[in-house]
Amino acid sequence: MLWWTDHDFRVAAHDHRRVVHFDGPEEPEGGLAWTWTASTEGRLTTSAADFVPAPHAEDDPGRALRLTAAGAGTLWYAGKAWNWTHTGNISDTTLHLDVLPEAAGPDAALVVEVALSHHPAGAGRPAGQLVLRYRLGAAAEARHRADGRHGTVDLPAPPGAWRRHTLDLLADVRRLWPDLVAGDNSLRGLRLGSQVAAGARGAFVVDRLVFDRARRAGQAGEELRAEVLAGYAGAYPGVTHHRAYEVSMVRHLNWFGGDQTLPRFPSPPYRDNDVGATERMVEFLHGHGGVVCWNHPLDVERRESLARLLVERHALGVDLIEIGRNPVDDHLWAYDVAARNAIPVTAVGVTDDHDGTDWRAGRDRHVTYVWAASTGRDDLVAALRAGQAWFTDLARYRGALDLEIGGRSAMGAVVTTDAADLTVRLHATDLPAGATLEVVTGTVDLAGVADPTPAIRIGQVPWRQLRQGWHDLPVSPGAGSYLRTQVRGRDGVIIGAGNPVWLLRQAPPRGIPTDRRF
């Protein structure tokens, strides 16, 4: 199963770019920048891009952009908004652009290129990123044609006259690639170009580029996302789909389950790393149900300061924390400090893949598994909250990990016991050849920030000694301890890790969460 997740303010298109007036190479809107970058391809004999005071669109005073090129190739002007706030799902997005062709024809066109999303192969189309190109001025009538991953829409644009062109991205993707769920595309890139061939000259003045997003107010963006996913109903019967969010205006939090109510966004959408702001957001999300994950916690911390936050602020109140990401050893170091202090937060892998092409080839590719009663959302959330989870390297290890006491799964549990000794059965299946199962045993002495370091020892169980994927380990809890397992490949790199079981003489000062009682 998978959770479809995206940054919350991107789903809502909050403070995303609305209009570009072509008043210069940099153009702010609401304090957020828009920039143009020029490039050429092919063999142009001349090319120029100038922001001119005239001519300009009738209802857009100021400057406009004139693009001219001659020869065989394209003069490109690529646009980009601050923090990619021109991008977003195309389901409700229409572009409007005012164009004055000064020199156009069969060998000279203005090209508006939209880079879309990556898709698997299908219907005569190889796997890869789709590219949609509008060619204005080269044809006398509108026409559509697809060539694999590249789609072209020709639109008439008579020379010498301003015309406002409306580019309906969703409708054109549907027509060009009818086998796709058209709404499952994002506007990942945008550029304009004066394209010429056979020595021709092209000259075009462009003005007033409008991004019309019709359905993003309030919860409408979330409703759009649900509609897009509904387009895949029955297409992948072996995959269960759920929706999630990455809450972005504080330290990044992934939210699984709950009612998916979008929080309020600041304007401009600048991230606030204040610890208190994150804690308040965690409270808001918990008030709407589900579990909350602290994503990439070392982006603004070092392992020592992260360890202090985990102890002093009780992990900011989150239920989960991304530990299975690079550098994994540093994340585990801080996690072991929390475990030493009986702070039961669930360690998980990386919650997202930003490229959408091949997660196995990425740098951060630890995915999370859970022991859950079903792939239903509530069962998954319950398993995550209880710590019944482990993570593995998607490309190197896909086995299962668990800890068992008295024939019952105990991974993630807090056990209170008076026993001097007990046996923990370690489960670890399908270890790669040469890999080692490591047993990390830590002291639970509630040292707090007086000693914010791990107190652990590490034992090893070579893969050849695992009998049918399990090994019985005698454990002496002492005054209090915890135990977890991790898998190292033959090259010494951690390729999987499970959550701990705590073995305590009495409940810790904050008590034992209901989901973790054994």
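All chains use their own residue numbering, which begins from 1 and follows the written sequence. Given that this is a predicted model, residues contribute local features only at a pLDDT of at least 70 and side-chain atom pairs are listed and counted only at 80 or more, while totals for whole chains, interfaces and linings are drawn from all residues. Side-chain calculation: all heavy atoms of the structure are included, whereas hydrogens and water are not.

**Digging into the overall build of the protein chain**
Comment: elements are numbered from the N terminus, with helices defined as DSSP H or I runs of at least four residues and strands as E runs of at least two. When you go through the protein chain residue by residue, the secondary structure sums to 7 helices and 28 strands. Each principal axis of the C-alpha atoms in the protein chain carries an extent, and together these give about 90 × 45 × 40 Å. The rule is simple: take the accessible area with a 1.4 Å probe, protein chains only, and divide by the maximum for that residue type; under 20% is buried, over 50% is exposed, in between is partly exposed. Taking all 518 residues of the protein chain together, 55% fall into the buried category. Of the contacts made within the protein chain by residues no fewer than 6 positions apart, 73% connect residues no fewer than 24 positions apart. For the protein chain, the accessible surface area stands at approximately 22,000 Å², while carbon and sulfur atoms represent 49% of it. Residues scored as positive are Lys and Arg, those scored as negative are Asp and Glu, and His as well as the terminal groups of each chain are ignored. Note on charges: their place is set at NZ of Lys, CZ of Arg, CG of Asp or CD of Glu. The averaged location of the 63 negative side-chain charges in the protein chain is 3 Å from the averaged location of its 55 positive side-chain charges. Only heavy atoms matter for contacts: two residues are in contact if any of them lie within 4.5 Å across the pair. To be clear on the numbers: accessible area is Shrake-Rupley with a 1.4 Å probe, and residue cover counts the displayed protein chains and nothing else.

**With respect to helix H5 (residues 303–312)**
Among the residues of H5, those classed as buried are Leu-306, Ala-307, Leu-309, Leu-310 and Val-311. Packing partners of the buried residues in H5 comprise helix H4 (275–287), strand S14 (291–294), strand S15 (320–324) and helix H6 (328–340). Following H5 by one or two positions, His-314 has its phi on the positive side, about 50 degrees.

**Regarding the nonpolar core**
Counting 50 residues, the largest nonpolar core has Leu-253, Trp-294, Leu-310, Val-318 and Trp-502 as its most contacted members. In terms of residues, this core owes the most to one element, H6, which gives 8 residues. Ignoring anything within four residues of it in the chain, the contact list for Leu-253 reads Tyr-245, Glu-246, Val-247, Thr-278, Met-281, Val-282, Leu-285, Val-292, Cys-293, Trp-294, Asn-295 and Val-318. Residues enter a nonpolar core if they are buried and are Ala, Val, Leu, Ile, Met, Phe, Trp, Tyr or Cys, with the set joined through side-chain atoms within 4.5 Å. Leu-130, Leu-136, Trp-177 and Ala-182 belong to the second-largest nonpolar core, a separate cluster that totals 43 residues.

**Quick look at the pairing of strand S22 (residues 422–428)**
Going residue by residue along S22, you find Leu-422, Val-424, Leu-426 and Ala-428 tucked away on one face and Thr-423, Arg-425 and His-427 left uncovered on the opposite face. Here the rule is simple: two strands pair whenever DSSP picks up at least two bridges between them. Where strand S19 (residues 401–405) and S22 come together, 4 bridges link them in antiparallel fashion. Looking at the pairing, Glu-404 lines up with Arg-425 of S22.

**Concerning the pattern of salt bridges**
We define a salt bridge as a contact between a side-chain nitrogen of Lys or Arg and a carboxyl oxygen of Asp or Glu at a distance within 4 Å. Within this structure, the stated rule accounts for 32 salt bridges. Here Glu-222 and Arg-225 are joined by a salt bridge, their closest N and O atoms 2.8 Å apart. Of this pair, Glu-222 and Arg-225 both sit in helix H3 (residues 220–230), separated by 3 residues, roughly a single helical turn. Like Glu-222, the residue Arg-225 is buried in the burial classification. In this structure, the salt-bridge partner of Glu-279 is Arg-313, at a minimum N-O distance of 2.7 Å. One end of the pair, Glu-279, is in helix H4; the other, Arg-313, is in the loop between H5 and S15, and 34 residues separate them in sequence. Look at Arg-313 and you get partly exposed, because its relative accessible area is 35%.

**Description of the packing of aromatic side chains**
We call Phe, Tyr and Trp rings a pair once their centres come within 6.5 Å, taking the six-membered ring for Trp, and we label the pair stacked below 30 degrees between planes, edge-to-face above 60, and tilted otherwise. Applying the stated rule across the entire model yields 11 aromatic pairs. Ring geometry for Phe-51 and Tyr-77: centres 6.2 Å apart, planes at 55 degrees, overall tilted. You can see Phe-51 sitting in strand S3 (residues 34–52) and its partner Tyr-77 sitting in strand S4 (residues 64–81), a full 26 residues away along the chain. In this structure, Phe-51 and Tyr-77 share a single accessibility class: buried. What links up through ring pairs into an aromatic cluster is the set Phe-22, Trp-34, Trp-36, Phe-51, Tyr-77 and Phe-211. In this structure, Arg-425 is placed above the aromatic ring of Trp-470, and the distance from its NZ or CZ to the ring centre is 3.7 Å. Throughout this description, the term charge over a ring refers to an Arg CZ or Lys NZ atom that lies within 6 Å of the ring centre and within 35 degrees of the ring normal.

**Notes on helix H7 (residues 377–385)**
The complete set of buried residues in H7 reads Leu-380, Val-381, Ala-383 and Leu-384. All buried residues of H7 lie within an arc of 160 degrees about the axis, which places them on one face of the element. Immediately beyond the C-terminal end of H7, within one or two residues, lies Gly-387, with a positive phi of roughly 80 degrees. Note that the arc is defined by the directions from the helix axis to the C-beta atoms.

**Some points on the environment of Asn-295**
Relative to the helices and strands, Asn-295 is located in the loop between S14 and H5. The exposure class of Asn-295 is buried, given its relative accessible area of 1%. Each C-alpha atom of the pair Asn-295 and Asp-168 lies 36 Å from the other, and the pair is 127 residues apart in sequence. When neighbours within four sequence positions are excluded, Asn-295 is seen to be in contact with Glu-246, His-252, Leu-253, Asn-254, Glu-322 and Thr-351. Only 3.0 Å separates the side chain of Asn-295 from the side chain of Glu-246, close enough to count as a polar contact. We define a polar contact as two N or O atoms separated by no more than 3.5 Å, with the added condition that, inside protein, one atom must be a possible hydrogen donor and the other a possible acceptor, whereas residues neighbouring each other in sequence contribute only through side-chain atom pairs.

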